[in-house]
Amino acid sequence: MAAQLQPYNIIETCHISPPKGTVASTTLPLTFFDAPWLSLPLADSLFFFSYQNSTESFLQDFVPNLKHSLSITLQHFFPYAGKLIIPPRPDPPYLHYNAGEDSLVFTVAESTETDFDQLKSDSPKDISVLHGVLPKLPPPHVSPEGIQMRPIMAMQVTIFPGAGICIGNSATHVVADGVTFSHFMKYWMSLTKSSGKDPATVLLPSLPIHSCRNIIKDPGEVAAGHLERFWSQNSAKHSSHVTPENMVRATFTLSRKQIDNLKSWVTEQSENQSPVSTFVVTLAFIWVSLIKTLVQDSETEAKEEDKDEVFHLMINVDCRNRLKYTQPIPQTYFGNCMAPGIVSVKKHDLLGEKCVMAASDAITARIKDMLSSDLLKTAPRWGQGVRKWVMSHYPTSIAGAPKLGLYDMDFGLGKPCKMEIVHIETGGSIAFSESRDGSNGVEIGIALEKKKMDVFDSLLQKGIKKFAT
């Protein structure tokens, strides 16, 4: 049974756009990095901040500055205020910002009945309890000619008087990846925090670059297959989450010491004694624990007939500054620029005595292979790997990354006391971020059925103790 959602009072719904006259109407083509996201659900995230003041103080002292700084931020990150335009086939979709018309829906809400501390807690909670603080993306508009116009992003800020604030975001992933989103959030945060200061003294992140899209050429009709799938599934609506029954979400943190213990164990077990990265060894440990949780108890020991079954993990490699074009794609490029890589490990290895080492070796090898290869030449084969991943048992993927610095979001209230990547609840995704305490640990978010979450927690704690000895 889903938890009973407490009512939220909507104080204001408004539209935020770039300052008048600062951005011209602009059309941006989708690249082959964007096309895979056309058929996938929205990306949702939440940032919780401690805030001890009243609703009146919040509305007078915080919200106006938040809205003003968002408007200025959208001057540079304007596609977030625009639309995804979907003409009738065969014309491909594209992004468009219509100056003086387009805007981002911004909702201000209040909750006096929801326990803020419970909402931001790490302990397992019904996945639906976070839905009330997520913004609702407006529905698409369809013209008489059959052209769909889909809003890109919506924001909601919710006040819990005397306790905290939650800033929620919902967006279509087709416009940009997590690197761009974190860039956008940090720019907005920097402006908000610097309110009242001399602009010449404010250190802001570099501006995003939009002009690279025309040099990102499809190396082999990569986008065509994604477009065909999108057209066959397109129902004039945003893809949305189907909320599974009896699902809970929980957050786990691996400390720096625990990670170092894990790295030492894997290095000692490895034949070549080569060191492993924090990301690789943490991901390997979590993936192994998750697969052991999902595999039925009776199947924990690999049977003779299925010991060669292969499990697959999807990782992403940022292609900025790595593509062999005449001009490099800069780190501040606005858009999607991730290459999918499929890590494959046999069942008997992933469930065996040296399971974490097997997973770690496979992840390391896949990353090295991708970084050493010509990614443009391999791009036409990415779809084959993704299809193999989709068709396998327990396909697992990653949302977020510690290097994104998602806890470096100080809007003048201090850093977040919690952040959530909500869309992992669709299943199969592991949320990754740096630990919020700044100790160089790693924070992991998981969504599972309640009974399976208990098993996952138990396996995780047993593994931590094992690697500490």
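Provided above is the structure to which this section pertains.
A brief structural summary. (Residues numbered from 1 in each chain as written. Predicted model: local features only at pLDDT ≥ 70, side-chain atom pairs only at ≥ 80, totals over all residues. Heavy atoms only, no water.)

## As for the overall build of the protein chain
Helix and strand counts for the protein chain stand at eleven helices and 18 strands. Against the compact-globule benchmark of 23 Å for 469 residues, the protein chain has a radius of gyration of 22 Å, which places it among compact chains. Overall, the C-alpha framework of the protein chain stretches about 65 × 55 × 45 Å when taken along its three principal axes. Sorting the 469 residues of the protein chain into buried and exposed places 53% on the buried side. For the protein chain, restricting intrachain contacts to residue pairs at least 6 apart in sequence, the fraction spanning at least 24 positions comes to 80%. For the protein chain, the exposed area adds up to about 20900 Å²; of that, 53% sits on carbon and sulfur atoms. Each charge class in the protein chain was averaged separately, 44 positive and 48 negative side chains, and the resulting centres sit 4 Å apart. (Helix = DSSP H or I, 4+ residues; strand = E, 2+ residues; numbered from the N terminus. Rg over C-alpha atoms; globule rule 2.2 N^0.38 Å. Buried < 20%, exposed > 50% of the residue type's maximum accessible area, 1.4 Å probe, protein only. Contact = heavy atoms within 4.5 Å. Areas by Shrake-Rupley, 256 points an atom, 1.4 Å probe, with all protein chains shown as cover. Lys, Arg positive; Asp, Glu negative; His and termini not counted. Charge placed at Lys NZ, Arg CZ, Asp CG, Glu CD.)

## Concerning the pairing of strand β4 (residues 83-86)
Across three bridges, the pairing between β4 and strand β5 (residues 94-97) is antiparallel. Residue Leu-84 lies in a different strand from β5, and its bridge partner there is Leu-95. Direction of pairing for β4 relative to strand β9 (residues 148-151): antiparallel, over a ladder of four bridges. When the sheet's bridge partners are listed, Leu-84 is paired in β9 with Arg-150. (Pairing = 2+ DSSP bridges.)

## Re the packing of helix α1 (residues 55-76) against helix α3 (residues 178-193)
For any two helices packed against each other, one specifies the crossing angle of their axes together with the interaxial distance. Between α1 and α3, the shortest axis-to-axis distance is 9 Å and the interhelical angle comes to 135°. What the angle tells us is that α1 and α3 run oblique. The element α1 and its partner α3 pack so that their crossing is right-handed. Two secondary-structure elements touch here, α1 through Asn-65, Leu-66, Ser-69, Leu-70, Ile-72, Thr-73, Leu-74 and His-76 and α3 through Phe-184, Tyr-187, Trp-188, Leu-191 and Thr-192. (Axes fitted to C-alpha atoms, helices over the stretch in contact; angles between N-to-C directions. Parallel < 35°, antiparallel > 145°, perpendicular 65-115°, else oblique. Left-handed = near helix turned anticlockwise from the far one by under 90°.)

## Regarding the side chain of Gln-148
Checked against the element boundaries, Gln-148 lands in strand β9. Its relative accessible area of 7% is what places Gln-148 among the buried residues.

## Brief notes about the nonpolar core
By size, the foremost hydrophobic cluster in this structure holds 63 residues, and its most contacted members are Tyr-80, Phe-106, Phe-184, Trp-188 and Phe-411. Sorting elements by how many residues they give to this core places α3 first, with eight residues. With sequence-adjacent residues up to four places away left out, Phe-106 is seen in contact with Glu-12, Thr-13, Cys-14, Ile-16, Leu-66, Lys-67, Leu-70, Met-155, Val-157 and Trp-188. In terms of nonpolar packing, the next biggest core, distinct from the first, is built from 47 residues, Trp-265, Met-357, Ala-362 and Met-453 among them. (Core = buried A, V, L, I, M, F, W, Y, C linked by side-chain atoms within 4.5 Å.)

## Quick word on helix α6 (residues 278-294)
Along its 17 residues, α6 runs 24 Å from first to last C-alpha, staying within 8% of the 24 Å computed at 1.5 Å per residue. Of all 17 residues in α6, 14 are buried, a share of seventy percent or more. (Expected span 1.5 Å × (residues − 1).)

## Considering the packing of aromatic side chains
In the structure shown here, the tally under the stated rule is 24 aromatic pairs. Ring centres of Tyr-80 and Phe-184 lie 4.8 Å apart, and the angle between their planes is 55°; on these two criteria the pair is classed as tilted. Remark: Phe-184 occurs in helix α3 and Tyr-80 occurs in the loop between α1 and β4; sequence separation between them is 104 residues. (Phe/Tyr/Trp six-rings, centres within 6.5 Å; stacked < 30°, edge-to-face > 60°.)

## Brief notes about the sheet that holds strand β2 (residues 26-29)
Pairing is antiparallel in the open sheet, where five strands are placed in the order β2-β5-β4-β9-β8. Strands with a single pairing partner mark the edges of an open sheet, and in this sheet they are β2 and β8 (141-142). Note that β2 and β5 share four bridges and pair antiparallel. Bridge pairing in β5 links Pro-29 to Tyr-94.

## Examining the packing of helix α5 (residues 256-269) against helix α8 (residues 355-372)
Between α5 and α8, the shortest axis-to-axis distance is 10 Å and the interhelical angle comes to 85°. Here α8 runs roughly perpendicular to α5, going by the angle between their axes. On α8, the residues touching Leu-262, Trp-265, Val-266 and Gln-269 of α5 are Val-356, Met-357 and Ser-360.

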